[in-house]
Amino acid sequence: WIMRGYFVVTLHWICNDWCLRSSVLQFRYFPTPHNAVTTSELLNIILRDYNIHAQIRAITSDSGFEMPPAINRLRARLNPEFNLRLTESFHIRCVCHVMNRAAVDAERVITDEVGKVRELLKVVRGTVRIREEFATIQVRLGSRCKLDVPNLDVENRWN
């Protein structure tokens, strides 16, 4: 099985009726190397293909290591060529990617604690007497609905 890299550019804009619109502008094979130079060049080519290089006001990207320097290179190229005044705020990191990175990093830090909580939940879920006590505590705390002992895993969906 061969892995291939792809580059997707999605355009977002506000139309005359003040509605947010989006469209996939380009979905393109992106051969290695994936670095600041090749990424910047590919972005520049795509913007020029659609003749929108002078209309771009911001770029949002994932948190790939090559993206900040690639977008800085693109900005440095577009500013003098089209008399633009794009600043460092031209690059906006995707909030979902930032949150995902934070969660992944935090998970590495608390792996031991998560393991201990999982073991505790296994005991609680596997013992009838403890589950009954759990229900009794809920009543004492004034819970209006019966909650079960939490599951071991909760699905996270970032996209």
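Residues numbered from 1 in each chain as written. Predicted model: local features only at pLDDT ≥ 70, side-chain atom pairs only at ≥ 80, totals over all residues. Heavy atoms only, no water.

Peer 1: Account for helix H1 (residues 36-49), with residues named and values stated.
Peer 2: The end-to-end C-alpha distance of H1 is 20 Å, a good match for the 20 Å that 14 residues give at a rise of 1.5 Å each. Residues Ala36, Thr39, Ser40, Leu42, Leu43, Asn44, Ile46 and Leu47 constitute the buried set of H1. Taken together, the buried residues of H1 touch strand E1 (6-14), strand E2 (20-29) and helix H2 (67-82). The N-terminus of H1 is capped by Asn35, whose side-chain oxygen sits 3.0 Å from the backbone nitrogen of Val37. Looking one or two residues past H1, Asn51 carries a phi angle of roughly 55 degrees, positive in sign. (Helix = DSSP H or I, 4+ residues; strand = E, 2+ residues; numbered from the N terminus. Expected span 1.5 Å × (residues − 1). Buried < 20%, exposed > 50% of the residue type's maximum accessible area, 1.4 Å probe, protein only. Contact = heavy atoms within 4.5 Å. Polar contact = N/O pair within 3.5 Å; in protein donor to acceptor, adjacent residues only side chain to side chain.)

Peer 1: Describe in detail the pairing of E2, supporting the description with residues and values.
Peer 2: Bridge count for E1 against E2 is 9 bridges, and the pairing is antiparallel. The residue bridging Ile14 from the neighbouring strand is Leu20, located in E2. Between E1 and the antiparallel strand that follows it, E2, lie 5 residues; Trp18 among them carries a positive phi value of about 60 degrees. (Pairing = 2+ DSSP bridges.)

Peer 1: Can you break down helix H5 (residues 128-140) residue by residue, with the values?
Peer 2: The end-to-end C-alpha distance of H5, which contains 13 residues, comes to 19 Å, matching closely the 18 Å that a straight helix rising 1.5 Å per residue would cover. Two residues or fewer past H5, Gly142 is found with a positive phi of approximately 85 degrees.

Peer 1: Tell me about the pattern of salt bridges, residues and numbers included.
Peer 2: In total, this model carries 6 salt bridges according to the counting rule given. For Arg77, the salt bridge goes to Glu41, with nearest N and O atoms at 3.0 Å. Linking Arg77 in helix H2 with Glu41 in helix H1, this pair joins segments that are 36 residues apart in sequence. What makes Glu41 partly exposed here is its relative accessible area of 30%. A salt bridge links Asp105 to Arg108; the nearest nitrogen and oxygen atoms lie 3.1 Å apart. (Salt bridge = Lys/Arg side-chain N within 4 Å of Asp/Glu carboxyl O.)

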